[in-house]
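Spelled out, the chains give:
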Amino acid sequence: MTVAPLTWYLALAAGLFCVGLYAVLARRNAVTILMGIVLMLNGVLVNLVAFWRYVETATASGQAFALFVVFITAAQVLVGLALAVALWRSRGTAVVDELESLKE
Amino acid sequence: MVLQQILFIIFGTIALGAAVAAVVLRGAFHSALALGGSCLGVAGLLVSLGAPIIAGVQTLVFIGGIAALIRFGPSSLREMTRPDQLGHNRWWWAGVVVAVALCGAIVWMLFSSSFDPAPDPAFIPSGSIAALGIALVSVEGFVLPLVVVVLLLGAALAGAARLVRRQ
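This is a predicted model, so every value here is computed, not measured.

Caption draft 1: Representation of the overall build of chain B within the structure. Each helix and strand in chain B was counted, giving seven helices and zero strands. Order of helices (α) and strands (β) in chain B, N terminus to C terminus: α-α-α-α-α-α-α. Looking at chain B as a whole, 28% of its 167 residues qualify as buried. In chain B, the proportion of contacts linking residues at least 24 apart, taken out of those at least 6 apart, comes to 49%.

Caption draft 2: Highlighting the overall build of chain A. Each helix and strand in chain A was counted, giving three helices and zero strands. Whereas a compact globule of 104 residues would reach a radius of gyration of roughly 13 Å, chain A reaches 17 Å, over 25% beyond that. Structurally, chain A occupies a C-alpha span of about 60 × 25 × 20 Å along its principal axes. Every one of the 104 residues in chain A was classed for burial, and the buried ones make up 51%. Put simply, 51% of the contacts in chain A that link residues at least 6 apart link residues at least 24 apart.

Caption draft 3: Layout of helix H1 (residues 6–26) of chain A. An ideal rise of 1.5 Å per residue puts 30 Å on 21 residues; H1(A) measures up with 30 Å between its terminal C-alpha atoms. Most of H1(A) sits out of view: 15 of its 21 residues are buried.

Caption draft 4: How the structure looks around the interface of chain B and chain A. Of the residues lining the interface, 76 residues belong to chain B; the matching set on chain A comes to 64 residues. When contributions to the side of chain B that touches chain A are tallied by element, the ones reaching two or more residues are helix H1 (3–24), helix H2 (28–48), helix H3 (52–72), helix H4 (75–80), helix H5 (92–112), helix H6 (125–137) and helix H7 (143–164) of chain B. The biggest single contributor to the side of chain B that touches chain A is H5(B), with twelve residues. Of the residues belonging to the side of chain B that touches chain A, the class tally is 57 nonpolar, 17 polar and two charged.

Caption draft 5: Representation of the packing of H1(A) against H1(B) in the model. Close contact between H1(A) and H1(B) brings their axes to 9 Å; oriented N to C, the two are set at 10 degrees. One way to sum up the angle between H1(A) and H1(B) is to call them roughly parallel. Taken together, the residues of H1(B) that come into contact with H1(A) (itself represented by Trp8(A), Leu12(A), Gly15(A), Leu16(A), Val19(A), Tyr22(A) and Ala23(A)) are Phe8(B), Gly12(B), Ala15(B), Leu16(B), Ala19(B), Val20(B) and Val23(B). Across the contact of H1(A) with H1(B), the residue classes break down as twelve nonpolar, two polar and no charged.

Caption draft 6: The nonpolar core, seen in detail. Judged by nonpolar contacts, the single largest core of 68 residues is most densely connected at Leu16(A), Val46(A) and Val49(A). If you list the elements that add at least two residues to this core, you get H1, helix H2 (30–55) and helix H3 (61–91) of chain A together with H1, H2, H3 and H7 of chain B. Tallying contributions element by element places H2(A) first for this core, with 15 residues. Each of domain 1 (1–87) and domain 2 (123–167) of chain B accounts for three or more of the residues forming this core. Filtering out sequence-adjacent residues up to four positions away, Leu16(A) remains in contact with Leu39(A), Asn42(A), Gly43(A), Val46(A), Ala15(B), Leu16(B) and Ala19(B).

Caption draft 7: Structural context of the confidence of the model for chain B. Confidence in the prediction for chain B averages 83 pLDDT; 87% of positions are at 70 or higher. Across the interfaces of the predicted complex, the ipTM metric reaches 0.87, alongside a pTM of 0.88.

Caption draft 8: How the structure looks around H3(A). In this model, H3(A) (31 residues) spans 44 Å end to end at C-alpha, consistent with the 45 Å of a helix rising 1.5 Å per residue. Listing the buried residues of H3(A) in full gives Gly62(A), Gln63(A), Ala64(A), Ala66(A), Leu67(A), Thr73(A), Ala74(A), Val77(A), Leu78(A), Leu81(A), Ala84(A) and Val85(A).

Caption draft 9: Representation of the confidence of the model for chain A in the model. Across chain A, the average pLDDT comes to 85, with 94% of residues at 70 or higher. Put simply, H3(A) is where chain A has its lowest mean pLDDT, 87, and H1(A) is where it has its highest, 92.

Caption draft 10: Molecular detail of the environment of Val79(A). Looking at the secondary structure, you find Val79(A) in helix H3. When sequence neighbours within four positions are dropped, the list of residues in contact with Val79(A) reads Ala156(B), Gly159(B) and Ala160(B).

Definitions and limits used
Residues numbered from 1 in each chain as written. Chains lettered and ligands numbered in written order. Predicted model: local features only at pLDDT ≥ 70, side-chain atom pairs only at ≥ 80, totals over all residues. Helix = DSSP H or I, 4+ residues; strand = E, 2+ residues; numbered from the N terminus. Buried ≥ 20, exposed ≤ 12 C-beta atoms within 10 Å, placed from the backbone. Contact = placed C-beta atoms within 7 Å. Rg over C-alpha atoms; globule rule 2.2 N^0.38 Å. Expected span 1.5 Å × (residues − 1). Nonpolar A, V, L, I, M, F, W, Y, C, P; charged D, E, K, R; others polar. Axes fitted to C-alpha atoms, helices over the stretch in contact; angles between N-to-C directions. Parallel < 35°, antiparallel > 145°, perpendicular 65-115°, else oblique. Core = buried A, V, L, I, M, F, W, Y, C linked by C-beta atoms within 7 Å. Domains from an automatic or database assignment. pLDDT = per-residue confidence, 0-100.

As structure tokens, then:
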């Protein structure tokens, strides 16, 4: 049976990761940077499940790791958004370029 | 071209196109919508790979949780994403260079390697769901990491609630 090759999935995952990386490097707003991190972890998710399906279907390790990635992403976005809201309240800005107090 | 290849092209285009839209669009509402679309595309890919449980959890957490929180969350979140707070920084072109170079390097390595395993033809998706369930609750499997992740989520929830509480 001919199916989509593993390299297609890995290339797509690399694309998703790099789009997210661009958002993290180039966007100014903390919320949009968090969106970029979610995109990067979406790429990781595709990678893990594709490797599980093509290389290691006999055990559930790939799926279990993918599940943990989803949970940890949720926790990370939760804390990240809470930090951004706290910074907004104390500094009145969500632009990360303007948060330079650690440099002083 | 077989069904899985057609599904890959459809869902892959949705996932990648919506991801680019989420990053490029200026408005936070449109970015959040595009992020939800990208997550839906990824969920479709996961279903086509035979992992419907992961796709369901991913859809619930990312689309139901994050996208809804960004759009319909507390008023301060909406204020934080008003137009003067958005946009790209002055080093955006360096971000383009790094992202394109990294993606190009990975894709070049992938297509120049001879690593191309074939999937198991005897694979049954429902059997994989049962195997995942057993692995998550067995001592030899992932019960300890699962407990740690649950504690982490609880701690993150409590910490986030403490951080956003008004003084």
